[in-house]
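Overview (structure and organization)
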Amino acid sequence: MKRALAIILAIVLAMSLVACGGSSGGEIKEPSNVTAGDTTKDTQQGEQEKNESSQKAEVTISETVLVDESGIKITAKSLEVDEIFGPEIKLLIENNSGKDLTFQCGYAVVNGYMVETMMSVDVVNGKKTNDSLTFMESDFEACGIDVIADMEIAFHIFDMADWKTYMDTDAIQIKTSIADTFEYTYDDSGDLAYEGNGVKIVVKGLAEDASILGSSIVVYIENTGDKDVTVQTRDVSINGFMVDAMFSCDVVAGKRAVDTITFMESDLEENEITAIEDVELSFHIFDFDGWDTIVDTDVVNINF
């Protein structure tokens, strides 16, 4: 996912939530054809209706120590769902490591979907702080998450002085008060673009409302393999013109993601593209940890 952009654009997004669309708010224009194949529509509508009690309902977490090792202690104090950018986990962070450290979220999963977060907290040695890990509401909307049943969080902690990694935690699961009764459903409807090596990529359509960056294609990615992967695009063309695309999506083993392949508006204007009719691209899939290539797919043709 576009982790770096999330923090950089956070303030801009806050000012443009009403006007902004993309995968997080706009309707999706479905592709008329994806030549790599088709997928059955595994609709989640019926089950989702059961889960559509408002996110503002009484969804809580118990105070839980998430990390307590090597002089670091991180405690989840509460879950607040009605915040400006999205739901927040209130954290107490204590640093007795002997080093001044920065605490960030390595990755986060909510209800089985990878989601973007905002968190960067500096804590000098011997001190503690109350801060928050924020989930992006736009990702919740894109994934169809109406209520939080469970979360998995991995923390990335590094030295403030030289940026050397101090600790990368394993994923830590936090269940909410509705976890035991929640029914998980996943919407993989759309057109199959690639399936192999434990990875499935489905093109869900063209976001009809452009984001602040440009036009986007919405994709669903499922990782049933045993490796954490990153999916990117290569050799992208629109209506026969080569263009740059912004897309890099991390999906850990056993999880899913909904993300967007975004085209800069300036590229479309330079090539006099007023409507996206057909897109050709290939996917580059590699190991999240070692960066070893898993597969470079054949060319995928998408018609709108």
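Quick caveat: nothing in here was measured; it's all calculated off a predicted structure.

We now examine the packing of aromatic side chains. Considering all chains together, one arrives at five aromatic pairs under this definition. Ring centres of Y113 and Y186 lie 5.4 Å apart, and the angle between their planes is 65 degrees; on these two criteria the pair is classed as edge-to-face. Of this pair, Y113 sits in strand β7 (residues 113-115) while Y186 sits in the loop between β13 (172-175) and β14 (191-196), and the two are 73 residues apart along the sequence. Accessibility classification places Y113 together with Y186 in one group, the buried group. On the basis of an interplanar angle of 80 degrees and a centroid distance of 4.8 Å, the ring pair of F182 and Y184 is categorised as edge-to-face. For R256, the ring lying beneath its charged end belongs to Y186, and the centroid distance is 3.7 Å.

Okay, the sheet that holds strand β3 (residues 64-69) next. One open sheet holds the five strands; their spatial order is β3-β4-β5-β10-β8, and the pairing between them is antiparallel. The outermost strands of the open sheet, each flanked by one partner alone, are β3 and β8 (117-118). Here eight bridges tie strand β4 (residues 72-80) to strand β5 (residues 88-95), and the two strands are oriented antiparallel to one another. Counterpart to S78 in the pairing with β5 is K90.

Turning our eyes to something else, we now look at the pattern of salt bridges. Per the stated rule, a full pass over the model turns up five salt bridges. Here K204 makes a salt bridge to D187, at a shortest N to O gap of 3.6 Å. Taken together, the residues K204 in strand β15 (residues 199-207) and D187 in the loop between β13 and β14 connect sequence positions 17 residues apart. We classify K204 as buried; its relative accessible area is 13%.

In this section: the pairing of strand β23 (residues 293-296). Both strand β22 (residues 278-287) and β23 contribute to a ladder of three bridges, which runs antiparallel. Looking at β23, one finds that F286 is bridged to T293. Hairpin connection of β22 to β23: five residues between the antiparallel strands, including W291 at a positive phi of 65 degrees.

Turning our eyes to something else, we now look at the nonpolar core. In terms of nonpolar packing, the biggest core is built from 46 residues, with L66, I74, I89, L91, F103, F135 and F155 touching the most fellow members. The dominant element in this core, judged by the number of residues it contributes, is strand β6 (residues 101-110), at five residues. Residue contacts for I89: discarding those within four places in its chain leaves I61, A76, S78, L79, D131, S132, L133, F135, M151, I153 and I174. Of all hydrophobic cores here, the second largest spans 37 residues; its members include V219, V243, V252 and A257.

Caution applies to low-pLDDT parts of the model: their predicted coordinates are not meant to be read in detail. In the predicted model, the chain carries a mean pLDDT of 86, and 82% of its residues have values of at least 70. Within the model, pLDDT remains below 50 along residues 40-54, and this stretch shows 22 contacts once partners closer than five positions in the same chain are excluded.

Attention now goes to the environment of V203. Its location among the elements puts V203 in strand β15. Taking the C-alpha atoms as reference, V203 lies 8.5 Å from S189; in sequence the two are 14 residues apart. Apart from residues no more than four positions distant in its own chain, V203 is found in contact with P31, V34, G190, D191, A193, I217, V218, V219 and I302.

A word on unusual backbone geometry. Even without being glycine, N111 reaches a positive phi, approximately 50 degrees. Given a relative accessible area of 5%, N111 falls into the buried group. The phi dihedral of N197 is positive, around 55 degrees, even though this residue is not glycine. Along the chain, N197 falls in the loop between β14 and β15.

Let us now look at the environment of D139. Structurally, the position occupied by D139 is in helix α4 (residues 137-143). The class of D139 is buried, set by a relative accessible area of 14%. In sequence terms D139 and G86 are 53 residues apart; their C-alpha atoms lie 9.2 Å from each other.

It is worth spelling out the environment of T102 at this point. Along the polypeptide, T102 turns up in strand β6. Classification of T102 by relative accessible area gives buried; the value is 6%. Separated by 18 residues in the primary sequence, T102 and S120 place their C-alpha atoms 6.6 Å from one another. In this structure, T102 is in contact with S120, V121, D122, H156, I157, F158 and M160, ignoring residues within four places of it in sequence. Within the structure, the side chain of T102 is placed 2.6 Å from the side chain of D122, a separation counted as a polar contact.

Conventions used here
- Residues numbered from 1 in each chain as written.
- Predicted model: local features only at pLDDT ≥ 70, side-chain atom pairs only at ≥ 80, totals over all residues.
- Heavy atoms only, no water.
- Phe/Tyr/Trp six-rings, centres within 6.5 Å; stacked < 30°, edge-to-face > 60°.
- Helix = DSSP H or I, 4+ residues; strand = E, 2+ residues; numbered from the N terminus.
- Buried < 20%, exposed > 50% of the residue type's maximum accessible area, 1.4 Å probe, protein only.
- Lys NZ or Arg CZ within 6 Å of the ring centre and 35° of its normal.
- Pairing = 2+ DSSP bridges.
- Salt bridge = Lys/Arg side-chain N within 4 Å of Asp/Glu carboxyl O.
- Core = buried A, V, L, I, M, F, W, Y, C linked by side-chain atoms within 4.5 Å.
- Contact = heavy atoms within 4.5 Å.
- pLDDT = per-residue confidence, 0-100.
- Polar contact = N/O pair within 3.5 Å; in protein donor to acceptor, adjacent residues only side chain to side chain.

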